[in-house]
Amino acid sequence: MSRIFNIALLPGDGIGPEIVAEAVRVLDAVATRFGHKFHYTNGLVGAAAIDATGDPYPAQTDEICKAADAVLFGAIGDPRFDNDPTAKVRPEQGLLRMRKSLGLFANLRPVQLFDSLVDRSPLKAEIVRGVDFLCVRELTGGIYFGERGRHGTPGEGDETAFDTCTYSRSEVERIVRLGFEQATKRRRHLTVVDKANVLETSRLWRETAREIAKEFPDVTAEFMFVDNAAMQIVTHPGAFDVVVTENMFGDILTDEASVISGSLGMLPSASLGTQHALFEPIHGSYPQAAGRGIANPMATILSAAMMLEHLELTTEGSVVREAVARTLAAGVMTEDLTPKGEKSYSTSEVGKHICDEIYH
Ligand code: IPM
Ligand code: MN
């Protein structure tokens, strides 16, 4: 059955426009093969939006996202703002406001390794082979959204800065429940990652998770401190099925987990709420690579595959994933995955190869 979808495209900064362009090419290939129609509407976000409007998340972008069936987002961040402590607006604020405004409290980050990349991970093949787990990162609470500020005399020794981490029981409940639900669809094992030996918020997480666990007697729930989890992810990644954790722990652990997949350029994600859904690679804007055609588009293309599945185009989603797998098996990959001295392909060559695989 052919269907019509409205997709909001938010390329953002740095390599964002290049990788989103390849994901669109892939979506168009899917549309052609399966007879669907994707209508795209572009929105500004991040530094690109600050330059054009002074606001990293303009009201018009919010409207475009809210009117769409799904949002495909590239990346955000610009070095012009990174080392300027006086900057009043920052590109990242756009992303955070967007997540909050769209109610995207759950960020699903699957960590998988394609067979043909087993020897591309810096970890030993026997550790990473067959790894397949899902990180569920809370996305609209915690230290990212708590009160922050400065006290004392600017520039003097008494000057202090603070960021606060707050979670309500209901915020914890909804994300932990989602973690359990995901686990029931997988290998029924959930690891709740926290720092309950130190943090009060973590103790609330644990308490709440123990309650929710009663609703899911088929799922084995385990608790792990975040420092230990950081080690286990690279020593025994095969032991994880679903990991649920708060915002900042999830941010850090998933960059770490990306080394399993061979490159940060491989990991997709879905950011979900009750009304809206956004799909984004987990990597940043990689400004040094912007415009050079070397960025790996696969994380964004795999995010588009997650978007297709979310739109109930399950076959279409697997077709994209298989096309990526065959492209990697054919050795067509960008330089982040290519050993020194071996031929690498450009962003658009990789995108085109994936499209050719979809047409076949
Ligand atoms: C991510 C990014 C963002 C985050 C930044 C750009 C604000 O690192 O999506 O993981 O920390 O959430
Ligand atoms: Mn991150």
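One structure accompanies this document, and this report is about it. Just so we're clear, the structure is a prediction, and the values are computed from it rather than from any experiment. (Residues numbered from 1 in each chain as written. Chains lettered and ligands numbered in written order. Predicted model: local features only at pLDDT ≥ 70, side-chain atom pairs only at ≥ 80, totals over all residues. Heavy atoms only, no water.)

### Concerning the overall build of the protein
Then, in step 1: Across its full length, the protein holds 13 helices and twelve strands.
Then, in step 2: Computed over C-alpha atoms, the radius of gyration of the protein comes to 20 Å, within 12% of the 21 Å expected from 2.2 N^0.38 for 360 residues, which places it in the range of a compact globule.
Then, in step 3: By its C-alpha atoms, the protein is 60 × 50 × 45 Å across when sized along the principal axes.
Then, in step 4: In the protein, buried positions account for 52% of the 360 residues.
Then, in step 5: Sequence separation of 24 or more characterises 75% of the internal contacts of the protein that already satisfy a separation of 6 or more.
Then, in step 6: Accessible surface computed for the protein: about 15800 Å², of which carbon and sulfur atoms make up 52%.
Then, in step 7: When the 36 positive and 50 negative side-chain charges of the protein are each reduced to one mean point, those points stand 3 Å apart. (Helix = DSSP H or I, 4+ residues; strand = E, 2+ residues; numbered from the N terminus. Rg over C-alpha atoms; globule rule 2.2 N^0.38 Å. Buried < 20%, exposed > 50% of the residue type's maximum accessible area, 1.4 Å probe, protein only. Contact = heavy atoms within 4.5 Å. Areas by Shrake-Rupley, 256 points an atom, 1.4 Å probe, with all protein chains shown as cover. Lys, Arg positive; Asp, Glu negative; His and termini not counted. Charge placed at Lys NZ, Arg CZ, Asp CG, Glu CD.)

### Topic: the site of ligand 1
Then, in step 1: Surveying the vicinity of ligand 1 reveals the residues Glu92, Leu95, Arg99, Arg109, Arg137, Tyr144, Asp251 and Ile282.
Then, in step 2: Side-chain polar atom of tyrosine 144 to an oxygen atom of ligand 1: 2.5 Å apart, as the coordinates give it.
Then, in step 3: Contact with the protein chains covers 81% of the free accessible surface of ligand 1, which is 320 Å².
Then, in step 4: Among the elements that make up the shell around ligand 1, the one with the highest residue count is helix 5 (residues 91-101) (three residues).
Then, in step 5: Taken together, the residues that form the shell around ligand 1 break down as three nonpolar, no polar and five charged.
Then, in step 6: Looking at which domains feed residues into the shell around ligand 1, each of domain 1 (1-105 + 266-360) and domain 2 (122-261) supplies at least three. (Near = heavy atom within 4 Å. Polar contact = N/O pair within 3.5 Å; in protein donor to acceptor, adjacent residues only side chain to side chain. Nonpolar A, V, L, I, M, F, W, Y, C, P; charged D, E, K, R; others polar. Domains from an automatic or database assignment.)

### Considerations on the packing of aromatic side chains
Then, in step 1: With the rule as written, the count across this model stands at five aromatic pairs.
Then, in step 2: Consider the rings of phenylalanine 5 and phenylalanine 38, whose centres lie 5.7 Å apart with planes at 25°: the pair is stacked. In this pair, phenylalanine 5 is assigned in strand 1 (residues 4-12) and phenylalanine 38 in strand 2 (residues 37-42), connecting sequence segments 33 residues apart. For the residue pair phenylalanine 5 and phenylalanine 38, the accessibility class agrees, reading buried in each case.
Then, in step 3: On the numbers, 5.5 Å between centres and 45° between planes, the contact of phenylalanine 133 with phenylalanine 240 is tilted. Taken together, the residues span a long stretch of sequence, with phenylalanine 133 in strand 5 (residues 132-138) and phenylalanine 240 in the loop between helix 9 (226-235) and strand 10 (242-245) at a distance of 107 residues. Each member of the pair, phenylalanine 133 together with phenylalanine 240, is buried. (Phe/Tyr/Trp six-rings, centres within 6.5 Å; stacked < 30°, edge-to-face > 60°.)

### Quick word on the environment of asparagine 6
Then, in step 1: For asparagine 6, the location among the structural elements is in strand 1.
Then, in step 2: The sequence separation of asparagine 6 and lysine 37 amounts to 31 residues, and the corresponding C-alpha distance is 8.6 Å.

So, to be careful, I would describe these as geometric facts and stop short of saying anything about function.
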